[in-house]
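Architecture at a glance
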Amino acid sequence: MLTKDRAVCIRTADYSETSQVVTLFARQSGKVRAIAKGSKRAKSAFDGPIEVLSIGDIVFSGIRRDTLATLTEFQPQPVRGQLRRNLAALQSAQLAAELLDSLTEEYDPHVELFDHFLGFLEDIEEGRAGPDRRDIMIRLILFQFVLLHEVGLQPILNVCANCKRPFGADRREIYFSASANGLVCRDCEISFPDKIRLSPKAARALVDLQQLAQADQTTLDEIEQVLLHHFTHILGRPPKLAKHVFSA
Ligand SMILES: [Zn+2]
């Protein structure tokens, strides 16, 4: 049986001299791992080797969890815009793809997450985000919160994750703890050795994510560091691309 869908390639690996195993995040099907036979030949059904972050309509067969599907068609739209030109944009998008791969299960569809991810990529590619690093960082941070929400790992930000009391107007002392899965107040922080103390600006933006768009670069960098620390806790290892996000 053939399945049609729209997908973004989030990972590739060589399978043989001529073929790749690709991980696709598809709108209706969720994550699909498939063999793309002959994809590395100059002439193939796929217009050459499949690249991470390429987007297009796919046709595949063999839906069974823990078994490779067979990709029969994929004609990605060419990547020519900012994802080719802007290293910071490319590395942010690659980090988003890596996190998506790490946190989703095969054939577990997340339509809203797919649409958000696609919007994130298109905003970068078409120049709506960037070339300013700040613009890309805001979108990367929002994507990561959508991802956490969609996979059921949303951190608690509106109240203290431990005592559940709301944060008052005084936000000088708020911490983030990965083990508490969210923000903790100064009465509770002592119980969480992994906590990170937040600057008042970062705390304000996290308690109310609407404020994120107004945050300055330093605050955004701080929030991204906190998120990477959180993903490291969730995955049990740092995301591979984490180290590149601040260096580009
Ligand atoms: Zn508390």
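Above this note sits the structure.
First, a word on scope: everything that follows refers to the structure included in this document. (Residues numbered from 1 in each chain as written. Predicted model: local features only at pLDDT ≥ 70, side-chain atom pairs only at ≥ 80, totals over all residues. Heavy atoms only, no water.)

Quick notes on unusual backbone geometry
One non-glycine residue, Y107, lies in the positive phi region at around 55°. With respect to the secondary-structure elements, Y107 resides in the loop between α2 (87-103) and α3 (111-125). Exposure remark for Y107: the relative accessible area of 15% places this residue in the buried category. (Helix = DSSP H or I, 4+ residues; strand = E, 2+ residues; numbered from the N terminus. Buried < 20%, exposed > 50% of the residue type's maximum accessible area, 1.4 Å probe, protein only.)

Overview of α3
Given 3.6 residues per helical turn, the α-helix brings residues three or four places apart onto the same face. A rise of 1.5 Å per residue sets the reference length of α3, with its 15 residues, at 21 Å; its end C-alpha atoms lie 21 Å apart and thus fit the reference within 8%. Elements in contact with the buried residues of α3: β1 (2-14), β2 (20-26), β4 (55-61), α1 (82-85), α2 and α4 (133-150). With its phi angle positive at about 85°, G127 sits one or two positions after the end of α3. (Expected span 1.5 Å × (residues − 1). Contact = heavy atoms within 4.5 Å.)

Concerning the sheet that holds β1
With mixed pairing, the five strands of this closed barrel are ordered in space as β1-β2-β3-β5-β4. Direction aside, neighbouring strands of the sheet carry axes that sit 55° apart on average. Alignment of β2 against strand β3 (residues 30-36), held across seven bridges, turns out to be antiparallel. Paired with F25 across the two strands is K31, which belongs to β3. Sheet strands touched by α2: β1, β2 and β3. Its angle to β1, the strand with the most contacts, is close to 110°. Against the sheet, α3 contacts β1, β2 and β4, and its axis sits at roughly 60° relative to β1. (Pairing = 2+ DSSP bridges. Axes fitted to C-alpha atoms, helices over the stretch in contact; angles between N-to-C directions.)

Considerations on the nonpolar core
One finds F117, L183 and L198 to be the most contacted residues of the largest nonpolar core, which totals 63 residues. Contributing elements (two or more residues each) for this core: β1, α2, α3, α4, β6 (175-177), β7 (182-184), α5 (200-207) and α6 (217-235). A per-element tally of this core places α4 first, with nine residues. The residues contacting F117, other than those within four sequence positions of it, are V8, I10, L53, A93, A96, A97, L100 and F143. (Core = buried A, V, L, I, M, F, W, Y, C linked by side-chain atoms within 4.5 Å.)

Observations regarding the coordination of the zinc ion
Distances from the zinc ion to its protein donors, C160 (SG), C163 (SG), C185 (SG) and C188 (SG), fall at 2.3 to 2.4 Å. In this structure, the zinc ion is surrounded by four donor atoms whose angles at the metal cover 104 to 114°, and the resulting shape is tetrahedral. Along the chain, the residues that donate to the zinc ion are spaced as C-x2-C-x21-C-x2-C. (Donors = N, O, S within 2.8 Å, 3.2 Å for Na, K, Ca; no water. Tetrahedral: all angles 85-135°; square planar, octahedral: opposite > 155°, others 65-115°.)

A word on the packing of aromatic side chains
Using the criterion set out here, one finds three aromatic pairs in the structure. Centre to centre, the rings of F25 and F114 are 6.1 Å apart; their planes meet at 35°, and the pair counts as tilted. Here F25 is found in strand β2, whereas its partner F114 is found in helix α3, with 89 residues between them in sequence. With respect to burial, F25 and F114 carry one shared label: buried. Plain terms: the ring middles of F117 and F143 are 5.4 Å apart, the flat faces sit at 40° to each other, and that makes the pair tilted. Highlighted residues: F117 in helix α3 and F143 in helix α4, separated in sequence by 26 residues. You can call F117 buried: its relative accessible area is 0%. (Phe/Tyr/Trp six-rings, centres within 6.5 Å; stacked < 30°, edge-to-face > 60°.)

Details of the pairing of β4
Within β4, five of the seven residues are buried, which leaves the element mostly enclosed by the surrounding structure. Bridge count for β1 against β4 is seven bridges, and the pairing is antiparallel. Bridge pairing links K4 to V59 in β4.

Here's the deal with the packing of α5 against α6
Pairs of packed helices are described in terms of their axes, by the angle between the two and the distance that separates them. One way to put it is that α5 packs onto α6 with a least axis distance of 9 Å and a crossing angle of 70°. The orientation of α5 with respect to α6, classified from their angle, is roughly perpendicular. In this structure, α5 crosses over α6, and the sense of that crossing is right-handed. Touching K201, A202, A205 and L206 of α5 are T219, E222 and I223, all from α6. Here the contact of α5 with α6 is built from residues that sort into four nonpolar, one polar and two charged. (Parallel < 35°, antiparallel > 145°, perpendicular 65-115°, else oblique. Left-handed = near helix turned anticlockwise from the far one by under 90°. Nonpolar A, V, L, I, M, F, W, Y, C, P; charged D, E, K, R; others polar.)

Some words on the sheet that holds β7
Read across the sheet, three strands follow the order β7-β6-β8 without closing on themselves; strand pairing throughout is antiparallel. Pairing within the sheet leaves two strands with one partner each, and these edge strands are β7 and β8 (196-197). When β6 meets β7, the two strands line up antiparallel, connected through three bridges. Paired with S177 across the bridge in β7 is G182.

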